[in-house]
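Below are the chains, spelled out letter by letter.
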Amino acid sequence: MASVADDVDGRGSGREINLPRDYRPSPDEPFMNELQQAYFRGKLLDWKDAILRESRETLNQLQIEPLREPDVTDRASSETDWSIELRTRDRQRKLISKIDAALRRIDEGEYGYCEVTGEPISLARLEARPVATMTVEAQERHERQEKVSRDD
């Protein structure tokens, strides 16, 4: 059994919830029960840890291997590679704020519910995109409205 603390930043209940190793949220159980909340909290925390670990590795690489290629073409290629890497890290930095917001929603009991309609977001969607804040239908409507306003 995996143990997931139900306490992030001191705001949770402080209890530990034991999740079976093979636990997956099921539509047969009450939506966003303690097990589901602990499962998604663990998933979000693991994701955040992986992003932070990759960022540290990138930073270490940048410090260890400065760009010193004598050939102009090699240097340009390396600079392009690092530029792409840094853009990726910037996107991941923004993702961390979404992960933190999802963790706050778990603490506040709002996680898993659409911010537009208040309806439950499907478990499959949350499994694929744990930071989702809208149902697929609400997200599609939102994207159509954005497209229409951009076209105007």
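Anyway, here's the lowdown on the structure attached to this text. (Residues numbered from 1 in each chain as written. Predicted model: local features only at pLDDT ≥ 70, side-chain atom pairs only at ≥ 80, totals over all residues. Heavy atoms only, no water.)

1. What about the pattern of salt bridges?
For clarity, the threshold we go by: Put simply, a salt bridge is a Lys or Arg side-chain nitrogen that is within 4 Å of an Asp or Glu carboxyl oxygen. Segments assigned H or I by DSSP are reported as helices when at least four residues long, segments assigned E as strands when at least two residues long, and all are numbered from the N terminus. Here the term buried applies to any residue with accessible area under 20% of the maximum for its type, exposed to any over 50%, and partly exposed to those in between, with areas from a 1.4 Å probe on protein chains only.
All told, the structure shown has six salt bridges when counted by the stated rule. A salt bridge links Asp107 to Arg41; the nearest nitrogen and oxygen atoms lie 3.0 Å apart. Here Asp107, found in helix α2 (residues 72-108), pairs with Arg41, found in helix α1 (residues 34-64); they are 66 residues apart in sequence, far enough to count as distant. For Arg41, a relative accessible area of 1% translates into the label buried. In this structure, Asp90 engages Arg93 in a salt bridge whose closest nitrogen and oxygen atoms are separated by 2.6 Å. One end of the pair is Asp90 and the other is Arg93, both in helix α2 and three residues apart, which spans about a single turn. For Asp90, a relative accessible area of 30% corresponds to the partly exposed category. Several salt bridges converge on common partners, so that one network encompasses Asp90, Arg93 and Lys94.

2. Focus: α2
Our working definition: In this scheme, a helix's expected span is set at 1.5 Å multiplied by one less than its residue total. Residue contacts are counted whenever heavy atoms from the two residues lie within 4.5 Å of one another.
In a regular helix each residue adds 1.5 Å, so 37 residues correspond to 54 Å; α2 covers 54 Å between its end C-alpha atoms and thus fits that length. Within α2 the residues assigned to the buried category are Ser78, Trp82, Arg89, Gln92, Leu95, Ile96, Ile99, Ala102, Leu103, Arg105 and Ile106. Looking at the packing, one finds that the buried side of α2 touches α1. Trailing α2 by a residue or two, Gly109 shows a phi angle of about 80 degrees, which is positive.

3. Notes on a negative patch on the surface
To keep things clear, this is the line we draw: Candidates for patches are residues over 30% relative accessible area with no salt bridge; among them, like charges are joined within 9 Å and nonpolar side chains (Val, Leu, Ile, Met, Phe, Trp, Tyr) within 5 Å. Each accessible area is a Shrake-Rupley estimate made with a 1.4 Å probe; only the visible protein chains count as cover when residues are assessed. Two residue types count as positive, namely Lys and Arg, and two as negative, namely Asp and Glu; His and chain ends fall outside the count. Charged side chains are reduced to one point each, which is NZ for Lys, CZ for Arg, CG for Asp and CD for Glu.
A cluster of like negative charges, contributed by Glu119, Glu137, Glu140, Glu143 and Glu146, occupies part of the molecular surface. On the secondary structure map, Glu119 appears in the loop between α2 and α3 (123-128). Judged by relative accessible area, Glu119 falls into the partly exposed class, the value being 45%.

4. A few points about the packing of aromatic side chains
Our working rule: Two aromatic rings from Phe, Tyr or Trp, using only the six-membered ring of Trp, form a pair when their centres are within 6.5 Å; if the ring planes differ by under 30 degrees the pair is stacked, by over 60 it is edge-to-face, and anything between is tilted.
For the structure on display, the rule yields four aromatic pairs. A centroid spacing of 5.1 Å and a plane angle of 80 degrees characterise the contact between Tyr39 and Phe40, whose relative ring orientation is edge-to-face. Each member of the pair, Tyr39 together with Phe40, is buried. One aromatic cluster in this structure is built from Tyr23, Tyr39, Phe40 and Tyr111.

5. Re the side chain of Glu29
So the rule is basically this: Here a polar contact is taken to be a pair of N or O atoms separated by no more than 3.5 Å, where protein atoms must pair a possible hydrogen donor with a possible acceptor and residues adjacent in sequence count only if both atoms sit in side chains.
Mapped onto the elements, Glu29 comes out in the loop between β2 (16-19) and α1. Summary of buried charges: Glu29 has no salt-bridge partner, and the nearest side chain of opposite charge, Arg24, is 10 Å away. Only 2.8 Å separates the side chain of Glu29 from the side chain of Tyr23, close enough to count as a polar contact.

6. Some remarks on the side chain of Arg89
Checked against the element boundaries, Arg89 lands in helix α2. On the basis of relative accessible area, Arg89 is assigned to the buried category, the value being 15%. If sequence neighbours within four positions are ignored, Arg89 has contacts with Glu54, Ser55 and Thr58.

7. Points about the nonpolar core
Keep this limit in mind: To define a nonpolar core, start from buried Ala, Val, Leu, Ile, Met, Phe, Trp, Tyr and Cys residues and group those joined through side-chain atoms within 4.5 Å.
Among the nonpolar cores identified, the biggest contains 24 residues, and Phe40, Leu44, Ile99, Tyr111 and Leu126 are the most heavily contacted of them. Of all the secondary-structure elements, those providing two or more residues to this core are β2, α1, α2 and α3. The dominant element in this core, judged by the number of residues it contributes, is α2, at six residues.

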